[in-house]
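Chain and residue survey
The primary structure of each chain is shown beneath.
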Amino acid sequence: MEFPEIKTAAIKDIYEKVLSGTRISCDEALVLYTEAELGELGIMASHVCKSLNGDNVYFNRNFHFEPTNICIYNCKFCSYKRNINEPGSWEYGYDELQKRLDAYKGKELSEIHIVGGVHPKRDLHYYGKMLQLVKKQRPDIHIKAFTAIELDFMIRKAGMSLEEGLLALKDYGLDSIPGGGAEIFDEEIRRQVCEEKSSSDLWLNIHRKAHELGIPSNATILYGHIENYSHRTDHLNRLRELQDETGGFNVFIPLKYKKENNQLSEAGEVSGIEDLRNFAVSRIFLDNFPHIKAYWPMLGKELTRLSLSFGVDDIDGTIDDSTKIYSMAGSEDKAPGLSSGELIGIIKDARRSPVERDTLYNIIKRY
Ligand code: V47
Ligand code: SF4
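All figures in this text were calculated on a predicted structure; none of them were measured in a lab. (Residues numbered from 1 in each chain as written. Chains lettered and ligands numbered in written order. Predicted model: local features only at pLDDT ≥ 70, side-chain atom pairs only at ≥ 80, totals over all residues. Heavy atoms only, no water.)

1. Regarding the sheet that holds strand β3 (residues 111-114)
Taking strand neighbours across the sheet as the criterion, the three strands line up as β2-β3-β4 in an open arrangement whose pairing is parallel. A strand with exactly one partner marks an edge of an open sheet, and here the two such strands are β2 (62-65) and β4 (142-145). Neighbour-to-neighbour, the strand axes of this sheet turn through a mean angle of 20°, independent of strand direction. Relative to β3, β2 runs parallel, the two sharing four bridges. Residue pairing in the sheet places Phe65 in a bridge with Ile114 of β3. In the packing of helix α5 (residues 124-137) onto the sheet, the strands contacted are β2, β3 and β4, and the crossing angle to β4 comes to about 160°. (Pairing = 2+ DSSP bridges. Helix = DSSP H or I, 4+ residues; strand = E, 2+ residues; numbered from the N terminus. Axes fitted to C-alpha atoms, helices over the stretch in contact; angles between N-to-C directions. Contact = heavy atoms within 4.5 Å.)

2. Looking at the site of ligand 2
Taken together, Cys71, Tyr73, Cys75, Phe77, Cys78, Tyr80, Lys81, Gly117 and Lys197 make up the full set of residues adjacent to ligand 2. A class-by-class count of the residues in the shell around ligand 2 yields six nonpolar, one polar and two charged. (Near = heavy atom within 4 Å. Nonpolar A, V, L, I, M, F, W, Y, C, P; charged D, E, K, R; others polar.)

3. Some points on the layout of surface pockets
Volume-wise, the second largest pocket comes out at about 170 Å³. Around the second largest pocket, the lining residues are Val18, Gly21, Thr22, Arg23, Ile24, His47, Val48, Ser51, Leu52, Ile284 and Asp287. With four residues, helix α3 (residues 38-53) is the single largest residue contributor to the lining of the second largest pocket. Looking at the lining of the second largest pocket residue by residue, the class counts come to five nonpolar, four polar and two charged. (1 Å grid on protein atoms, 1.4 Å probe; cavity = no way out; pocket = protein on both sides within 12 Å on 5 of 7 lines; lining within 4 Å. Points joined across faces, edges and corners; volume = space filled by probe spheres on them.)

4. Some points on the site of ligand 1
Taken together, 22 residues form the shell around ligand 1, and within it Phe77, Lys144, Gly179, Gly181 and Glu183 come nearest. A distance of 2.8 Å separates a nitrogen atom of ligand 1 from a polar atom in the backbone of Phe77. Contact with the protein chains covers 96% of the free accessible surface of ligand 1, which is 630 Å². Within the residue set of the shell around ligand 1, elements represented by two or more residues are β5 (217-223) and β6 (249-256). Considered class by class, the residues forming the shell around ligand 1 number 10 nonpolar, seven polar and five charged. (Polar contact = N/O pair within 3.5 Å; in protein donor to acceptor, adjacent residues only side chain to side chain. Areas by Shrake-Rupley, 256 points an atom, 1.4 Å probe, with all protein chains shown as cover.)

5. As for α3
In this model α3 runs 22 Å from its N-terminal to its C-terminal C-alpha over 16 residues, within 8% of the 22 Å that 1.5 Å per residue would give. As for α3, its buried residues are in contact with α1 (9-19), α2 (26-35), β1 (56-60), α11 (272-285) and β7 (291-292). Among the residues trailing α3, Gly54 stands out with phi positive, at a value near 55°. (Expected span 1.5 Å × (residues − 1).)

6. Quick notes on the side chain of Gln243
Along the chain, Gln243 turns up in helix α10 (residues 229-246). Overall, the relative accessible area of 5% leaves Gln243 in the buried class. Not counting the four nearest positions on each side in its chain, Gln243 is found in contact with Gly248, Phe249, Asn288, Phe289 and Pro290. (Buried < 20%, exposed > 50% of the residue type's maximum accessible area, 1.4 Å probe, protein only.)

7. Topic: the sheet that holds strand β10 (residues 363-366)
Read across the open sheet, the four strands follow the order β8-β1-β9-β10; overall the sheet is mixed. Each end of this open sheet is capped by a strand with a single partner; those strands are β8 (314-317) and β10. For this sheet the average axis-to-axis angle between neighbouring strands, irrespective of direction, equals 30°. Alignment of strand β9 (residues 353-357) against β10, held across three bridges, turns out to be antiparallel. Counted as the bridge partner of Arg357 is Ile363 from β10.

As structure tokens, then:
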């Protein structure tokens with residue numbers, strides 16, 4: 001087949017593979033990162049995206065509950081972490097959770113996302129009771145909670161094995177695991193940006209075990225700091241291999257590094273073009289991930305709109321002023337919240353079909 005609009009032979013070969021549904025290699029992903037024009041990436045990524053999801057772009061109705069920003073770790077990219085009693089630290093317990101749930105009484109909602117710092121004094125049972133509280137009040141909503149890093153600590157603190165801990169949390173009400181804590185799997189870069197954090201192998205093992213026990217999960221990458229394209233490709237490859245093994249990942253979420261108020265600020269932030277490039281290569285490479293999510297509180301509304309032409313089919317949820325991870329790192333939205341009407345507007349602007357979903361991508365309503 002001739003592709004007159006495509007410049008180089010290497011890209012033409014990859015283009016043919018992508019159009020015929022053939023998996024690309026790590027070397028080919030590197031070629032895409034380094035040589036492909038943005039337009040070429042958009043065409044390939046949209047092809048993969050539409051072959052998996054048609055015109056659908058998903059969103060959900062959710063809110064975030066962040067129990068604490070007190071954390072035993074010191075990731076260099078983190079703007080959020082505080083020590084116990086440090087100004088700006090917070091701890092929200094059962095009463096605050098109850099208040100948040102009360103505020104949603106009678107309102108449409110399909111998910112609560114619970115994530116926070118690794119508090120030195122809290123174990124699995126403390127958090128398990130939070131899950132119980134949510135399930136008691138709202139048995140209808142899905143609980144997506146705790147990154148692999150939080151899980152590792154709270155399970156060890158409770159003196160349990162990984163399997164015992166995950167099963168206990170499932171009993172308490174855990175439905176799925178969010179994608180945070182993956183950061184960057186390359187051991188040398190991970191050492192430089194978050195040395196103390198659970199290792200890459202441990203992150204992957206926790207997700208593997210969760211999948212085996214019937215707990216689905218999400219995956220992320222933190223990109224745009226000191227890593228290079230090979231590190232990103234290696235990260236994607238480790239995820240693709242695990243997904244081949246278990247099939248338990250729902251969605252991949254590239255998280256753009258934001259530079260305010262943290263120790264990596266000198267790395268700066270990558271451009272919007274780089275964000276689009278990264279969405280597209282991720283979509284093309286991760287052929288076994290059903291969905292790619294643009295997390296709008298981090299990207300802003302304009303880039304989120306554009307990402308829909310670069311392989312993205314999910315723009316997360318209404319969130320409702322409830323996450324501080326990005327606002328503290330310099331995102332333009334200080335109190336993130338978009339109504340479902342605004343989310344639908346963003347999707348329609350890209351001439352795609354808005355679909356409200358639950359956490360597992362079951363369709364709730366088409367607009
Ligand atoms: O692991 C921390 C990231 C993650 C910064 O699963 C930063 O649906 C950018 O994982 N700049 C936690 N990113 C959030 C997360 C997440 C978010 C939305 C949806 C889902 C999901 C998961 O936030 C951390 C880290 O990678 N992060 N600091 C920063 N300065
Ligand atoms: Fe703690 Fe998470 Fe911040 Fe790392 S990114 S310091 S684990 S809150």
